[in-house]
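# What the coordinates show
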Amino acid sequence: MLVAWSPSNLGPEAAVRDGILHAAAADPATAIEGADLVVVGAPPMETIELLRALGGRLRAALAPDAVVTDVASTKGLVVAAADAVGLRFVGGHPMAGRELAGYDAAVPDLFVGRPWVLVRGAAADDAAVARVESLATACGALPVRMDAAAHDAAAAAVSHLPLVVAAALVEAVAGAGMERSGWSDAAPLAASGWRDMTRLARGDARMGAGIATTNSPALLEALHRLRGVV
């Protein structure tokens, strides 16, 4: 049985109407009650807060053998938060994000053929890892086991650095006060190069800020390497 909750519940309610979910829960405790697998789908900072809640005020609703996972883009601080409250946690990161958000932006083949990184928490056993691997394979993804530090360094290079560069490019070329640089003339000429280079900058700013906050050492190292070649 698939049950979901979100602060607005607009997505879960739409998914129920479309026959994707069985129910939209009225609150987080109801959503996780009796669940074999709890998936936290939120920006990194909010993910950490939800994990703390699962180990605290929501603990009574969590089944003793439940496995908790997430889909946040950073893993070190996320896994540490889960470990700190003793959750049976396997961190997850499907490497298939989009710049769009919400249920209406969902596509059925988003994860097909893509890596789904798994990072084992301190309280996770082989069965817990296998349960999250089953979720990944059910979505058509390819499970990849990594430790948190290796994941965060790799993600900083191939995901987080491109996000920062895209945002910086938009600000440099079309940001506040940039009319003097000729953006009004350039904008009508922008084509696929501009579109592809700036796609990530159209994403949720809160998500980007959370990524930078929770993976700052690896992202800073990646920025230093970039600066060395420009």
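Residues numbered from 1 in each chain as written. Predicted model: local features only at pLDDT ≥ 70, side-chain atom pairs only at ≥ 80, totals over all residues. Heavy atoms only, no water.

In sheet architecture, strand pairing relies on hydrogen bonds along the backbone and comes in two forms, parallel and antiparallel. Read from one edge to the other, the open sheet built from five strands follows the order E3-E4-E5-E6-E7, with strand pairing classed as mixed. Of all the strands in the sheet, the pair left with one neighbour each is strand E3 (37-40) and strand E7 (142-145). Geometrically, the sheet is characterised by an average inter-axis angle of 25° between neighbouring strands, direction not taken into account. Sheet analysis places strand E6 (residues 115-120) next to E7, joined by four bridges and oriented parallel. Across the sheet, the residue bridging to Pro 115 is Leu 142, located in E7. Contacts between helix H4 (residues 76-84) and the sheet are confined to strand E4 (67-70), strand E5 (89-94) and E6, with E5 contributing the most and set at about 160° to the helix. (Pairing = 2+ DSSP bridges. Helix = DSSP H or I, 4+ residues; strand = E, 2+ residues; numbered from the N terminus. Axes fitted to C-alpha atoms, helices over the stretch in contact; angles between N-to-C directions. Contact = heavy atoms within 4.5 Å.)

A few words now on the side chain of His 160. On the secondary structure map, His 160 appears in helix H6 (residues 148-174). At a separation of 3.3 Å, a polar atom in the side chain of His 160 contacts the main-chain carbonyl oxygen of Ser 73. With residues near it in sequence (within four places) discarded, His 160 still touches Ser 73, Thr 74, Ala 155, Ile 211, Asn 215 and Leu 219. (Polar contact = N/O pair within 3.5 Å; in protein donor to acceptor, adjacent residues only side chain to side chain.)

Let us look at the nonpolar core. Core analysis: the biggest nonpolar cluster contains 25 residues, and Leu 51, Leu 54, Val 68 and Phe 89 have the highest contact counts within it. For this core, the secondary structure elements donating two or more residues are E3, helix H3 (44-54), H4 and E6. In this structure, Leu 54 is in contact with Ile 32, Val 38, Val 40, Arg 59, Leu 62, Val 68 and Leu 87, ignoring residues within four places of it in sequence. Trp 116, Ala 124, Val 129 and Ala 136 belong to the second largest nonpolar core, which has ten residues in total. (Core = buried A, V, L, I, M, F, W, Y, C linked by side-chain atoms within 4.5 Å. Buried < 20%, exposed > 50% of the residue type's maximum accessible area, 1.4 Å probe, protein only.)

Attention now goes to the packing of aromatic side chains. Inspection of every chain in the model, using the stated rule, returns two aromatic pairs. Relative to Trp 116, the ring of Phe 111 has its centre 5.1 Å away and its plane inclined at 55°; by these criteria the two rings are tilted. Classification of Phe 111 by relative accessible area gives partly exposed; the value is 24%. We classify Trp 116 as buried; its relative accessible area is 3%. (Phe/Tyr/Trp six-rings, centres within 6.5 Å; stacked < 30°, edge-to-face > 60°.)

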